[in-house]
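# Examination of the molecular architecture
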Amino acid sequence: MIRLTKAKALWIYETMVRIRRFEERSIELFQAGELPGFLHAYIGEEAVAAGVCAHLTPKDQITSTHRGHGHMIAKGLHYKGMFAELYARATGYCKGKGGSMHIADQDLGALGANGIVGGGIPIAAGAALGLKLKGENHVVVSFFGDGASNEGAFHEGINIAATWKLPAVFVCENNGFAESTPRATHQAVQDIADRAKAYGIPGIVVDGMDPQAVFEAAGEAIAHARKGRGPTLIEAKTMRFLGHYVGDPGTAYGHDKEVGKWLKRDPLITFAETLEKKKWLSKKSIDAIHEKVNKEMEEAIEFARKSPEPELDDAMTDIYATV
Amino acid sequence: MREILYREAIIEALDEEMARDDSVFLLGEDIAEFGGSYKTTVGLLDKYGAERVRNTPISEQGIIGAALGAALVGMRPVAELMYIDFSAVAMDQIVNQVAKVRYMFGGKANTSLVIRTQGGAGRSSAAQHAQSLEAWFVHVPGLKVVMPSSARDAKGLLKASIRDDDPVFFIEHKLLYLEKGAVPEEEEIIPIGVAEVKREGGDLTIVATSSMVGKSLAAAEELEKEGVSCEIIDPRTLFPLDTETILASIRKTGRLLITHEAVQRCGWGAEIAALAAKDAFDYLDAPIERVCAKETPVPFSPKLESYVIPGKDDVIAGVRGMLETV
Amino acid sequence: MATPLPMPKLGLTMEEGTILKWRKDEGEAVEKGEIILDIQTDKVEYEVESPDGGLLLKTLAGEGDVIPCGTDIAVIGEAGEDISGFGSAPAKAPVAATEPAAADASTPPTPPPAPAPTPAPVAPASAQPAPEGRVFASPAARRVARELGIDYRTLKGSGPGGRIVQADVRAAAASGIPAAPAATASGPAAVAGSTPLAGMRKIIAERMLSSWSQVPRITMQAEVDLTNLLAVREASRQAWENDLGVKVSINDLILFYTARAVRRCPAVNVRLTENALEQMQDVNIGVAVAVEQGLMVPVIRGADQKSIDAISRESRALAEAARAGALGLDALEGGTFTVSNLGAYGVDHFSAIINHPESAILSVGAARERAVVRNGEVVARTTAFVGINADHRVVDGAPAAEFLSTLKEMLEHPKVMPA
């Protein structure tokens, strides 16, 4: 068992604050009409990204989803490039050509958010294969949701990774809804982790609202992968506190009724209390973290606002490396 | 020059590139011990081992996704789709992932991978194993599409494709695998994006791809006896396209016939026709003709198959029709 | 009254023609303008039309005969007319063609010269009225008609469904031509005069068209600072005049250096034949000269071996002979690289058409004072725009550019004192 140290715990807390604040500000800016496109907010699921990525080095890789801001922040991407991308500016991570759903940074091991449900799973298997062939002791974590667990890509990707014992960890963020469809009406299994049996790999159910539980389960799975023992399927039971996208009230499919009991388990509140009890955090240090994050966030937003838009010619670059 | 089979040329290209570059590896269905459904990877398992010659589950989107993931972390995978028809199962990975990541990520993504596959009719493989679907992939910005018609082109272009930093969709032809052709012993890289004039002529330009190149050459032999001189251009790469070679020929001959094994409507030939109509308009002396497959799924019956798929005689008839006088 | 048909004189230098084929037999009816026979000159095959309607009463020479221009070769008239006054034409033995420029591989006889800038369309001849409604003509036919000044609407198409195709237009151009009526606000434009497309103009038209349509060009230009060259000329003027007896023009110096630049960059001294790329052995510089009937390109042979005074003398003599119509065929043949200089007309830049089968041509604009930047300062220098047009099938961009930069370097820093 990998124990949660004070340093890791504080990192996880601050990361969750960073994700929460990023999403809150994104929503405000989107609603103020400053951001084009649409947003899928990660609010409520922060414990999963932070708890898992606490184990990763910049050389480890992740694939992510349309709801990917949290994973990117936890993987070390900085706000400036992310906000600039949301603002569709030339200084964004994707030069304004990807947007919210495609933020990526190869240098930091972020193989991209992905607009296709389940699309990242086979890619994660392939990245793990590449790392294995290169003889590098890095792992790949693939984040996806309960909806993706019904995609063929889920089956193909995990089966390949399992068969070849690749250094991958598949993290299913089960938030109970595939867009608007409640989980019980899109699959018969109670626990998606049960599907791990079908691939001959370990399947673990973990409380996705508890950063420590996520940290410990992920730690085990990642160590397992690093030792060359193959992938693990982790199912983190969690909840998005908002609708599928910013602007979806969640009322049409019962999300609004379901979300109430989860709000009491908001990891930002519960984990702060836990750390306060351990004397690892105080009201004062919590305020200091929030203040620091807020300051960085506003600076990043200003940077994005002041950044230039891409030139028209930029539309025609980066399609090919060489033509 | 020595002559080898098209299939052997593929093996040689893979072999040489795997020997040259450790980051090159193969993955696909039945490619290891079995040597590939069309025997295009025979001997490579023994030489390079199971780590680099990987049999995969029958999981086409898994194969392409795995190839992309490996490319993203710096490998140069060569993924094999046993039949181009099976690309339909992997379309998300090919179209939404492989073709897009470089652009979506603002240029910061290694996407050096080759998807090898084979298409075409002629063996009674019927509707799900004999299609020519190249136009689907040419239509997607982010992919390069290569379609060699000879052993020499197959080898030189496959080597170039493996070394290319972009995803290359490499389409072989099942009937060409057992055709022999001259291939130099020494290393030859044939650059992507360069057409070849397979035969020079003055009366009419035939732009032909894959198996239609050979059929067109045979047609041109016959037409020569009637005093008709056909110029045959094989683009070899459908994208990037060597438009200059095609246009120069049309400007010379004033007549254009395009032939491919894919069905006519919305086929790749329509793109060439549009190119000629715009950039060689004032040089056209006759309407542009297309000799393509009939617009039907590929039938199983040999009799029906050869009726549907264009042959040498269809090319000859097409040419004669264009040169008709009152 | 019977009308004689003489061997036509198709160009200044044409002395005689060979009868290739009689299209009509004696006694056969012919219409005015109908093609009656094919002849061949040393440069071109040509269809000869009947000057009058009636019967071909008599042919005065046989196929293969070489007949001097102006000598009667046939008589047209009505049945029963007296033609006893017409005797047989005196035929000569065929003459061997002048030696073409030496090439490493064998070359076909050099075709006639093609001059530099694009020729104006031929003046319209009497046209049949254009038919009403849609006329079906291929885009290529329309383009060629436009280029040759032919009214394609009057032609009969030979393509499917009677579509007019390129060949129909070319055939029309080769016989007498119904030219395109000019577009005006109301009524056709007045025709000031009409000349059948024949002789030099016809050759120019054909050569221009063939070069333009068959040779993919690459075009590049450079501004060349001639200040130093002019200073050299000024410094040497007295000596050249006194000792050598020549007045050296800027163009003479350009010819002199061009020949040397061609020698140094043999990649532009090539020609493309059916099956081979030929590297030319000699540097024979063609000089485009405007003459009354069109343009001629007399050739300075071995120009890279000749001194400036020899070049100067020869170019002057050739230009004068061209204008006087006194050039021999040998002076027109064997060119490997042409220079066209329109500087005297004040032209700044232009793009000459390649004198096919040569592979490159130099376009030289006017030398005049222009504001240029030297070491960060705007100063007045005498410059000219010099450009190369090259056949891109055989001359790649880099070698063409290398040639241009070599020439520019030579002209800007004349190290070889011309003498």
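Residues numbered from 1 in each chain as written. Chains lettered and ligands numbered in written order. Predicted model: local features only at pLDDT ≥ 70, side-chain atom pairs only at ≥ 80, totals over all residues. Heavy atoms only, no water.

## Looking at the interface of chain C and chain B
By convention, interface size is frequently given as the accessible area that disappears when the constituent parts associate. What counts here: Residues are treated as being in contact if the distance between any of their heavy atoms lies within 4.5 Å. Two parts placed together each lose some accessible area under a 1.4 Å probe, and adding up what both lose gives the buried area. Any Lys or Arg side-chain nitrogen located within 4 Å of an Asp or Glu carboxyl oxygen qualifies as a salt bridge.
Taken together, the contact between chain C and chain B spans 17 residues of the former and 12 residues of the latter. Between chain C and chain B, the buried area comes to about 1100 Å², and carbon and sulfur atoms account for 52% of it. Ranking the residues of chain C by area buried against chain B places C:P139, C:R143 and C:P160 at the top, with a combined share of 38%. The tally of links between chain C and chain B comes to one salt bridge.

## Here we look at the interface of chain B and chain A
Threshold: Here a polar contact means two N or O atoms within 3.5 Å. Within protein one must be a hydrogen donor candidate and the other an acceptor candidate, and residues neighboring in sequence count only if both atoms are side-chain atoms. Under the DSSP-based scheme used, a helix requires at least four consecutive residues in state H or I and a strand at least two consecutive residues in state E, with every element numbered from the N terminus.
In this complex, chain B contributes 44 residues to the contact, which on the side of chain A involves 42 residues. Taking both sides of the interface into account, the surface hidden between chain B and chain A amounts to around 3500 Å²; carbon and sulfur atoms contribute 62%. Broken down residue by residue, the surface that chain B buries against chain A is led by B:V73, B:Y103 and B:F105, which jointly contribute 20%. There are three salt bridges connecting chain B and chain A. Here B:K108 and A:D107 are joined by a salt bridge, their closest N and O atoms 3.1 Å apart. The tally of links between chain B and chain A comes to 19 residue pairs in polar contact (both at pLDDT 80 or more). Every element with two or more residues in the side of chain B that touches chain A is listed here: strand 2 (24-28), strand 3 (53-55), helix 3 (60-72), helix 4 (91-98) and helix 5 (101-104) of chain B.

## Remarks on the environment of C:K21
Residues and elements named next belong to chain C. Note the following rule: For the exposure calls, accessible area comes from a 1.4 Å probe over protein chains only, and a residue counts as buried if that area is under 20% of its type's maximum, exposed if over 50%, partly exposed in between.
Residue placement: K21 occurs in strand 2 (residues 16-22). Given a relative accessible area of 45%, K21 falls into the partly exposed group. Sequence separation between K21 and Q40 is 19 residues, and the spatial gap between their C-alpha atoms is 9.6 Å. Setting aside residues no more than four positions away along its own chain, K21 makes contact with L37, D38 and E63.

## Remarks on the packing of aromatic side chains
Heads up, the condition is: Stacked, edge-to-face and tilted labels apply to pairs of Phe, Tyr and Trp rings (six-membered ring for Trp) whose centres lie within 6.5 Å, assigned for plane angles under 30 degrees, over 60, and everything in between, in that order. Criterion for a charge above a ring: Lys NZ or Arg CZ within 6 Å of the ring centre, and within 35 degrees of the ring normal.
With the rule as written, the count across this model stands at 14 aromatic pairs over all chains. Residues B:F137 and B:F169 carry aromatic rings whose centres are separated by 3.8 Å and whose planes lie at 15 degrees to one another, so their mutual orientation is stacked. With a gap of 32 residues between them, B:F137 in helix 6 (residues 134-138) and B:F169 in strand 7 (residues 168-173) connect regions that are remote in the sequence. On the basis of relative accessibility, which here comes to 1%, the residue B:F169 falls in the buried class. Positioned above the aromatic ring of A:W280, the side-chain terminus of A:K278 is 4.7 Å from the ring centre. Sitting over the face of the ring of B:F34, B:K39 holds its NZ or CZ atom 3.8 Å from the ring centroid.

## Description of the nonpolar core
Most often, soluble globular proteins have nonpolar side chains that are buried together. The condition that has to hold: For the purposes of this section, nonpolar cores are sets of buried Ala, Val, Leu, Ile, Met, Phe, Trp, Tyr and Cys residues that join through side-chain atoms within 4.5 Å. The split into domains, and so the bounds of each, comes from an automatic or database assignment of domains.
Counting 78 residues, the largest nonpolar core has A:F170, B:L27, B:I64 and B:I94 as its most contacted members. There are two domains that each give this core at least three residues, and those are domain 1 (3-182) and domain 2 (196-323) of chain B. If we skip the residues at most four places from it in the chain, B:I94 touches B:I64, B:L81, B:S87, B:A99, B:I115, B:F137, B:L143 and B:F169. In terms of nonpolar packing, the next biggest core, distinct from the first, is built from 75 residues, A:Y79, A:C94, A:A113 and A:L281 among them.

## Comments concerning the domain arrangement of chain B
All names here are of chain B. Put simply, the rule reads: Gly counts as polar in this scheme, as do all residues outside two lists: the nonpolar Ala, Val, Leu, Ile, Met, Phe, Trp, Tyr, Cys and Pro, and the charged Asp, Glu, Lys and Arg.
Partitioning chain B into domains gives domain 1 (3-182) and domain 2 (196-323). For domain 1 and domain 2, the distance between their C-alpha centroids amounts to 26 Å. At the junction of the two partners, domain 1 supplies 25 residues and domain 2 supplies 26 residues. Counting every contact that joins domain 1 to domain 2 gives two salt bridges. Ionic pairing is found between K198 and D153, a salt bridge with its closest N-O pair at 2.7 Å. Where domain 1 touches domain 2, the interface holds 13 residue pairs in polar contact (both at pLDDT 80 or more). When contributions to the side of domain 1 that touches domain 2 are tallied by element, the ones reaching two or more residues are helix 6, strand 6 (144-146) and helix 7 (151-163). Per-class residue counts for the side of domain 1 that touches domain 2 are 13 nonpolar, eight polar and four charged.

## A few points about the sheet that holds strand 3 of chain B
Within a sheet, adjacent strands bond to each other through the backbone by hydrogen bonds, running parallel or antiparallel. Residues and elements named next belong to chain B. The cut-off we apply is this: By definition, two strands form a pair when at least two bridges between them are found by DSSP. To get an axis, fit a line to the C-alpha atoms, keeping to the stretch in contact for a helix; angles then go from 0 to 180 degrees between the N-to-C directions.
Here we have seven strands laid out as an open sheet, ordered 3-2-4-5-7-6-12, and mixed in their pairing. Because the sheet does not close on itself, it has two edges, and the strands there are strand 3 and strand 12 (237-239). The sheet shows a mean angle of 20 degrees between the axes of neighbouring strands, direction not considered. Relative to strand 7, strand 5 (residues 114-119) runs parallel, the two being bridged by six bridges.

## Some thoughts on the pattern of salt bridges
By the definition in use, this model includes 72 salt bridges over all chains. With its nearest N and O atoms 2.8 Å apart, the salt bridge here joins A:D105 to B:K108. Taken together, the residues span two chains, with A:D105 in the loop between helix 4 (79-86) and helix 5 (120-133) and B:K108 in the loop between helix 5 and strand 5. By relative accessible area, B:K108 is classed as partly exposed at 31%. Its salt-bridge partner being B:R54, residue B:E51 comes within 3.7 Å of it at the nearest N-O pair. Overall, B:R54 belongs to the buried group, its relative accessible area being 5%. Within the structure, one salt-bridge network assembled from shared partners comprises B:R2, B:E12, B:E16, B:E17, B:R20, B:K155, B:K159, B:R163 and B:E187.

## A few points about the pairing of strand 4 (residues 76-81) of chain B
Within a regular beta strand, the side chains point alternately toward one face of the sheet and then the other, so they alternate between its two faces. Residues and elements named next belong to chain B. Buried residues dominate strand 4, accounting for six of its six residues. Judged from the five bridges that link them, strand 2 and strand 4 form a sheet pairing that is parallel. Each bridged residue has a counterpart across the sheet, and for F25 the counterpart in strand 4 is P77. The pairing of strand 4 with strand 5 spans four bridges and is parallel. The partner of A79 across the bridge, within strand 5, is I115.

## Structural notes on unusual backbone geometry
The omega torsion of the bond from B:F239 to B:P240 falls at -5 degrees, within 30 degrees of zero and hence cis. Position of B:P240 among the secondary structure elements: in the loop between strand 12 and helix 9 (243-253). Cis rather than trans, the peptide bond between C:H356 and C:P357 has omega equal to 10 degrees. With respect to the secondary-structure elements, C:P357 resides in the loop between strand 16 (337-341) and strand 17 (360-364). Despite not being glycine, A:K165 has its phi angle at roughly 50 degrees, a positive value. Topologically, A:K165 is positioned in the loop between helix 6 (152-163) and strand 3 (168-174). What makes A:K165 partly exposed here is its relative accessible area of 46%. A positive phi angle, close to 60 degrees, is found at B:D30, a residue other than glycine.

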